[in-house]
Amino acid sequence: MKLVSVDKLEPGLVVSENIYTLDDRLVLPKGTILDDKDIERIRAHSLYNIFVEDEKKPVVPKQETAASDTSSSMSYAEKLRNTEEFIKFKQHIEEHADKLEESFRLLANDSMPLDIDKLTEPVYHLFVEAGGTAGIFDMLHNLRDNSDEVYMHSLNVSLISNTLATWMRLPEEKIRLATAAGLLHDIGKVLVSPELLGKNKQLTPYEQKKMDEHVIKGYELVKDKDISIHIKNAILMHHERRDGSGFPFHIKNDQIDEIASIVAVADVYDSYTACTNYRKSICPFYVIQQFENEGLDKYDPNTILTFLSNIVNTFIANRVMLSNGLTGEIIFVNPDHLARPVVKCGEQYIDLNKNKGLDIVALV
Ligand SMILES: [Fe+2]
Ligand SMILES: [Fe+2]
């Protein structure tokens, strides 16, 4: 392993430690064989040096691997993206995101009453269009190129919170609360400056502080409204963590509202797996691995375990790219190592739990 200056990077070098931005966001996972695009991405983050392996490896052209498929051997994701259902779902979720933005603005100006049933109605329509809980992640995983970090994100978090509450077998009333709380959790961002929300570079600590104020601003907006206390709490507490590492109050364990805990998991999962103004989406398997590593400290145990054991099953039959450039289909999920399933690449079965040097780097 050696440390190389970012100016001296060349295609074929193999990343030997996960590369993070200064605020701890993943840029590229360990094991990535760098190509020109990856190098561009690292440079865009103003990083100085990274660790790479001593030996270079041949670069596998990532685009070509996916694009070389003929239509008869289209991947699951490609087939899905061509279905009428997906095209409709995409169009509708984008339309609903625009309407949600308008509603949040009206709510912030006090020019519209806060009617939870009316506001969440589109979420239930989207569920029906996606074919229910089973289909919703198929849709969301294929909508990862949209960088709307507020309104599309709010709809996604609402859909995921609903699904998670359903997986937890919570009573209908709580499922509805989780759905509404997911939709409204970031309402305070309507009061954050558009320049800050649209900034295509990493935020400075001062800007991050301003951004973090969205939880208090959101709570202020709804605190006197006639809605459930759990929705208000979810707005205020969705960035709190059980180990006290969250914000704004660093509260711990059961001080965090049950519905806020559900929204927290849905929020983190959606934020990481979507692309933002300044980084590409992060592979869900990396996020699952992170949840497996530190999830029990930070999130409600029942919530995170239910999420993990169910989410991985939504990837069966999906095609993924491995860090060595091969693509294959997930055919079996190992219940003890959820982020390391068995992948079938051509005739070869690769058990990632036995091949620790290989990781899933993308859904294709
Ligand atoms: Fe938030
Ligand atoms: Fe959020």
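Each value, and the rule that gives it
- Residues numbered from 1 in each chain as written.
- Chains lettered and ligands numbered in written order.
- Predicted model: local features only at pLDDT ≥ 70, side-chain atom pairs only at ≥ 80, totals over all residues.
- Pairing = 2+ DSSP bridges.
- Helix = DSSP H or I, 4+ residues; strand = E, 2+ residues; numbered from the N terminus.
- Axes fitted to C-alpha atoms, helices over the stretch in contact; angles between N-to-C directions.
- pLDDT = per-residue confidence, 0-100.
- Contact = placed C-beta atoms within 7 Å.
- Core = buried A, V, L, I, M, F, W, Y, C linked by C-beta atoms within 7 Å.
- Buried ≥ 20, exposed ≤ 12 C-beta atoms within 10 Å, placed from the backbone.
- Expected span 1.5 Å × (residues − 1).
- Bend = angle between axes of the 7 residues up to and from the residue.
- Domains from an automatic or database assignment.
- Left-handed = near helix turned anticlockwise from the far one by under 90°.

## Considering the sheet that holds strand β8 (residues 348–351)
Stage number 1. If you walk across this open sheet you meet the five strands as β8-β7-β6-β5-β9, and the pairing is antiparallel. A single partner strand is all that each edge strand has here, and the edge strands are β8 and β9 (360–363). With direction set aside, neighbouring strand axes in the sheet form an average angle of 40°.

## Section: the confidence of the model for the chain
Stage number 1. Taken residue by residue, the chain gives an average pLDDT of 88. The fraction at 70 or more is 92%.
Stage number 2. Segment residues 63–72: pLDDT under 50, and eight contacts once partners within four positions in sequence are set aside and those in other chains are kept.

## Describing the nonpolar core
Nonpolar side chains in soluble globular proteins tend to end up buried together.
Stage number 1. Ranked by internal contacts, the top residues of the largest apolar core, which has 72 residues, are Ala181, Val263 and Val265.
Stage number 2. Counting residues per element, this core draws most heavily on helix α13 (residues 258–273), which supplies nine residues.
Stage number 3. Look past the residues within four positions of Val265 in its chain and what remains in contact with it is Leu164, Tyr299, Thr303, Ile304 and Phe307.
Stage number 4. One finds Val14, Ile19, Leu34 and Val52 within the second-largest nonpolar core, a separate group that totals 10 residues.

## Quick look at helix α5 (residues 116–130)
Stage number 1. With 15 residues, α5 ought to run about 21 Å at 1.5 Å a step, and its terminal C-alpha atoms sit 22 Å apart, in line with that.
Stage number 2. Pro122 marks the point of greatest bend in α5, at about 25°.
Stage number 3. Against α4 (84–108), α6 (133–141), α7 (151–167) and α8 (172–184) lie the buried residues of α5.
Stage number 4. Within two residues after α5, Gly131 carries a phi angle of roughly 85°, on the positive side.

## Some thoughts on the domain arrangement of the chain
Stage number 1. Taken as a whole, the chain is organised into domain 1 (2–59), domain 2 (76–282) and domain 3 (316–363).
Stage number 2. On a C-alpha basis, the centres of domain 2 and domain 3 stand 30 Å from each other.

## Regarding the pairing of strand β6 (residues 327–332)
Stage number 1. Pairing analysis gives three bridges linking strand β5 (residues 319–322) to β6, with the strands arranged antiparallel. The residue of β6 that forms the bridge with Met321 is Thr327.
Stage number 2. Hairpin geometry of β5 and β6 is characterised by an intervening segment of four residues between the two adjacent antiparallel strands and by a positive phi of about 95° at Gly325.
Stage number 3. Here β6 runs beside strand β7 (residues 342–345); their pairing, made up of three bridges, is antiparallel. Its bridge partner being in β7, Ile330 is matched across the sheet by Val343.

## Thoughts on the packing of α13 against helix α15 (residues 301–311)
Stage number 1. At a minimum axis separation of 9 Å, α13 and α15 run at an interaxial angle of 35°. In this structure, the crossing between α13 and α15 has a hand that is right-handed. For the pair formed by α13 and α15, the contact residues are Ser261, Ile262 and Val265 on the first element and Thr303, Ile304 and Phe307 on the second.

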